[in-house]
Amino acid sequence: MAVARVKRLPSRPVILLLQVAVLIGFFLIWHVLTATKILSPFFFGTPLAVLERTWSDFASGVIWYHLGITLLETALAFVIGTVAGIAFGFWFARAPLVSIVFDPYIKAVNALPRVVLAPIFALWLGLGIWSKVALGVTLVFFIVFFNVYQGVKEVSPVVLANAKMLGASNRHLFRHVYLPSALSWVFSSLHTAVGFAMVGAVVGEYLGSAAGLGYRIHQAEGVFDTVGVFSGMLVLTIFVVVIDAVVTIIEKRLLHWRPQEAQTTNAQG
Amino acid sequence: MSDSAAVAAALRTEGADKAALRLDGVTCTFPSPDGRGQTYTAVQGVTLSVAAGEFVSIVGPTGSGKSTILNVAAGLLAPSAGRALTFGEPVDGINPHAGYMFQADALMPWKSALENVAAGLEFRGVPRREAEERARPWLARVGLDRFGDRYPHQLSGGMRKRVALAQTLIVDPKIVLMDEPFSALDIQTRQLMENELLDLWSADRKSVVFITHDLEEAISMSDRVLVLSAGPGARLIGEYRVDLERPRDVAEIRMTPRFLDLHREIWGQLREEVLKGYAQTKLK
């Protein structure tokens, strides 16, 4: 037990209220500054116009198509990157020679800012969704790869020996020991991986495409439509928050076996 | 149950090659962790045999390679010299007759208590459903029937040991290897667990090799106590037959005169080794 009592935080509804107050405050300041022309509405848009544009985009249904495209690219990049990361992570962790030989190259490729690959992918794969998926994959792959590698390497030797003594074959070891251990590492990096998948999709769209949220923002920028840019950013933000919440739910479901740091209700000695 | 020792002795004389477990001049040498090209010999020329149904304890000072002997018996470690036999067959790879209860936590943290107990059956090809149904009575036997869906981190240290015990015994190994299984527990929990283990053991006599540094634990549970010298190059230096009656209560038997005699006798020998071991760790 901690000696000093931590200062108590207010209850959840109060915190939620404060959080909403921050949001409203931000829009209010924005509104006042642009309404009084301290900030030019041309360069900064106005919150009401942005909200109105966002609302009309959703109401007319235009945005759903672009949202769908970005979501599809994100999902594909995430799935392909994760599967490839798991496969290679396992392979490298189980084959020391391979991992030593490829080590400098993996590090080099990972150090490369992946954005510079976007034009190459556009050249190879065209302006459709696959060039964006490819960009997302290069981002997701390394996160998952390193985590799986670590997860397999860090399997407790005692747990491994125990499973072997209980009669586990190599296939069993993979399924019951290595995979859960590696997956726990993958899931702990899930937020980052999903985030990167989306960065890949949006940046790819931004640099050259005919659909998606990144495309919408780029289009608006091209005609100095600041309201359009901010509206696009708003939609993107909502999109990210929703996806993040979904990931959190999935994470909670899949990692329920892990000890939680702040366990107060059913903490065991 | 005073005839159990006689039965064990008879089994041993009947045919030493059919012993549940037999180590023949086992020596284990490891590359030293601190020196380049240096080697470290953990155990040297260990020869021992454990009859079917016999409960044998190995005591020795810390760092005397007790776990190394178990790892060889389990087939997790190939000896540098000598050989291990189980029921007359050389141990090559994992010893199929052996169950192993580790000193450290060895439960799979991503499986619930029930799934952990069922794991051994599942590895042996029993369908998951059936394996879990068969695991339930085992959980009940170690007093955890209400805790099947808890994960290891939600259980106390003693509960985890019970799960590990059920996990090891459910696959019905002929030999149970135990590496200081209760050393992390407080004394009360420990005596409870020791009695439970003796109960489970007397229900269907398996061979048990029990490693401990606690001489009282060793004497109160075993048919035979083997003493290991201080490492490096630990050897077996003593063998004592424990002719105490069974069934035993580990707390009560410690008060009997025969127990105290045995304790004095074995401790006389073990004490020197412990001091030697202590002196060596101080030198390092």
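Residues numbered from 1 in each chain as written. Chains lettered and ligands numbered in written order. Predicted model: local features only at pLDDT ≥ 70, side-chain atom pairs only at ≥ 80, totals over all residues.

## What to know about the overall build of chain A
Helix and strand counts for chain A stand at twelve helices and zero strands. Across chain A, helices and strands are ordered from the amino to the carboxyl terminus as α-α-α-α-α-α-α-α-α-α-α-α. Relative to the 2.2 N^0.38 estimate, which gives 18 Å for 269 residues, the radius of gyration of chain A is 23 Å and therefore markedly larger than a compact globule would have. In terms of overall dimensions, chain A has C-alpha extents of about 75 × 60 × 30 Å along its principal axes. Burial statistics for chain A: of 269 residues in total, 33% are counted as buried. Put simply, of all contacts in chain A between residues at least 6 apart along the chain, 75% involve residues at least 24 apart. (Helix = DSSP H or I, 4+ residues; strand = E, 2+ residues; numbered from the N terminus. Rg over C-alpha atoms; globule rule 2.2 N^0.38 Å. Buried ≥ 20, exposed ≤ 12 C-beta atoms within 10 Å, placed from the backbone. Contact = placed C-beta atoms within 7 Å.)

## Brief notes about the overall build of chain B
Looking only at helices and strands, chain B features eight helices and ten strands. A globule of 284 residues ought to have a C-alpha radius of gyration of about 19 Å, and chain B, at 19 Å, matches this closely. Principal-axis analysis of the C-alpha atoms gives chain B an extent of 50 × 50 × 40 Å. Counting all 284 residues of chain B, 43% fall into the buried class. At a minimum sequence separation of 6, the contacts of chain B that also span at least 24 residues come to 72%.

## Here's the deal with the nonpolar core
The biggest cluster of nonpolar side chains holds 126 residues, and the ones touching the most others in it are Val 140 and Ala 197 of chain A together with Ala 73, Val 117, Leu 177 and Val 209 of chain B. Once residues lying within four places of it in the same chain are set aside, the contact partners of Ala 73 of chain B are Leu 21, Leu 23, Ala 84, Asn 95, Ala 98, Leu 177 and Val 209 of chain B. (Core = buried A, V, L, I, M, F, W, Y, C linked by C-beta atoms within 7 Å.)

## So, the packing of helix H6 (residues 118-125) of chain A against helix H10 (residues 190-207) of chain A
Residue and element names in this part refer to chain A. In contact at an axis separation of 10 Å, H6 and H10 are set at 75 degrees when each is read in the N-to-C sense. Between H6 and H10, the angle is such that the two are roughly perpendicular. Contact residues: Ala 118, Pro 119 and Ala 122 in H6; Val 203, Gly 204 and Leu 207 in H10. Here the residues of the contact of H6 with H10 are counted per class, giving five nonpolar, one polar and no charged. (Axes fitted to C-alpha atoms, helices over the stretch in contact; angles between N-to-C directions. Parallel < 35°, antiparallel > 145°, perpendicular 65-115°, else oblique. Nonpolar A, V, L, I, M, F, W, Y, C, P; charged D, E, K, R; others polar.)

## A closer look at the pairing of strand E4 (residues 81-86) of chain B
If a strand is regular, its side chains alternate between the two faces of the sheet. Residue and element names in this part refer to chain B. Sheet topology places strand E1 (residues 21-31) next to E4; four bridges connect them, and they run antiparallel. Note on E4: the bridge partner recorded for Arg 22 is Leu 85. As defined by bridge partners, E4 adjoins strand E5 (residues 89-90) across two bridges and the pair is classed as antiparallel. If you follow Thr 86 over to E5, its bridge partner there is Glu 89. (Pairing = 2+ DSSP bridges.)

## Quick look at the UniProt feature "transmembrane region" (unreviewed entry) in chain A
Listed under "transmembrane region" (unreviewed entry) in the UniProt record, and renumbered for this structure, are residues 14-33, 63-93, 105-127 and 223-250 of chain A. The span residues 105-127 of chain A shows a helical share of 65% and a strand share of 0%, and its end C-alpha atoms are spaced 29 Å apart. (UniProt positions renumbered as here; feature names shortened; annotations may be inferred.)

## Here we look at unusual backbone geometry
Residue Pro 247 of chain B is reached from Arg 246 of chain B by a cis peptide bond, and omega for that bond is 0 degrees. Positive phi, close to 55 degrees, is recorded for Phe 224 of chain A, a residue that is not glycine. Taking the C-beta count within 10 Å as the criterion, Phe 224 of chain A has 10 such neighbours and is therefore assigned exposed. In this model, Asp 172 of chain B sits at a positive phi of 55 degrees, which is unusual for a non-glycine residue. Position of Asp 172 of chain B relative to the elements: it lies in the loop between helix H5 (157-169) and strand E7 (175-179). A residue is classified by how many C-beta atoms lie within 10 Å of it, and Asp 172 of chain B, with 12 of them, is exposed.

## Some details on the sheet that holds strand E2 (residues 39-50) of chain B
Residues and elements named next belong to chain B. Strand order in this open sheet of four strands is E2-E1-E4-E5, and the pairing throughout is antiparallel. Of all strands in the sheet, those with a lone pairing partner are E2 and E5, marking the two edges. Against the sheet, helix H2 (residues 66-74) engages E1, E2 and E4, with an angle of about 120 degrees to E1.

## Re the sheet that holds strand E9 (residues 224-228) of chain B
Residue and element names in this part refer to chain B. One open sheet holds the six strands; their spatial order is E6-E7-E8-E3-E9-E10, and the pairing between them is mixed. Taken across any chain shown, the strands that pair with only one partner, and hence form the sheet edges, are strand E6 (98-101) and strand E10 (236-241). When the angles between neighbouring strand axes are averaged without regard to direction, this sheet yields 15 degrees. For E9 and E10, the ladder comprises five bridges, and the chain directions are antiparallel. Residue Leu 226 lies in a different strand from E10, and its bridge partner there is Glu 239.

## Some thoughts on the interface of chain B and chain A
The parts lose accessible area when they come together, and the size of an interface is often stated as this lost area. On the chain A side, the residues contacting the 23 residues of chain B number 18 residues. If you list the elements that add at least two residues to the side of chain B that touches chain A, you get E6 and helix H3 (113-123) of chain B.

## Description of the UniProt feature "domain: ABC transmembrane type-1" (unreviewed entry) in chain A
When the UniProt feature table is mapped to this numbering, "domain: ABC transmembrane type-1" (unreviewed entry) covers residues 67-251 of chain A. For residues 67-251 of chain A, the helix share is 86%, the strand share is 0%, and the end-to-end C-alpha distance is 24 Å.

## Some details on the environment of Arg 124 of chain B
With respect to the element layout, Arg 124 of chain B can be found in the loop between H3 and helix H4 (128-141). Residue class for Arg 124 of chain B comes out partly exposed when judged on the 15 C-beta atoms lying within 10 Å of it.

## Some remarks on the confidence of the model for chain B
Residue and element names in this part refer to chain B. Across chain B, the average pLDDT comes to 86, with 92% of residues at or above 70. Low pLDDT, under 50, characterises residues 6-16; the stretch is placed with eleven contacts to residues that sit more than four places away or in other chains. Confidence estimates for the predicted assembly give a pTM of 0.75 and an ipTM of 0.84. (pLDDT = per-residue confidence, 0-100.)

## Considering the confidence of the model for chain A
The predicted structure's coordinates, where accompanied by low pLDDT, should not be read in detail. On average, residues of chain A score 86 in pLDDT, and 94% of them are at 70 or above. Residue range residues 261-269 of chain A is modelled with pLDDT below 50. Its contacts to residues more than four positions away, or to other chains, number four contacts.

## Details of helix H3 (residues 47-60) of chain A
All names here are of chain A. Over its 14 residues, H3 extends 20 Å from the first C-alpha to the last, a length consistent with the 20 Å expected when each residue adds 1.5 Å. Buried within H3 are the following residues: Pro 47, Val 50, Arg 53, Thr 54 and Asp 57. The buried residues of H3 occupy one face: seen down the axis, they fall within an arc of 130 degrees. Facing away from the buried surface of H3 by more than 90 degrees, the exposed residues are Trp 55, Ser 56, Ala 59 and Ser 60. (Expected span 1.5 Å × (residues − 1). Arc of directions from axis to C-beta.)

## A look at the environment of Phe 55 of chain B
Residue and element names in this part refer to chain B. Within the secondary structure layout, Phe 55 lies in strand E3 (residues 55-59). Taking the number of C-beta atoms within 10 Å as the measure of exposure, Phe 55 has 27 and is therefore buried. Considering only alpha carbons, one finds Phe 55 and Leu 169, 114 residues apart in sequence, at a separation of 15 Å. Setting aside anything within four residues of it in sequence, one finds Phe 55 in contact with Trp 201, Val 208, Phe 210, Met 221, Ser 222 and Asp 223.

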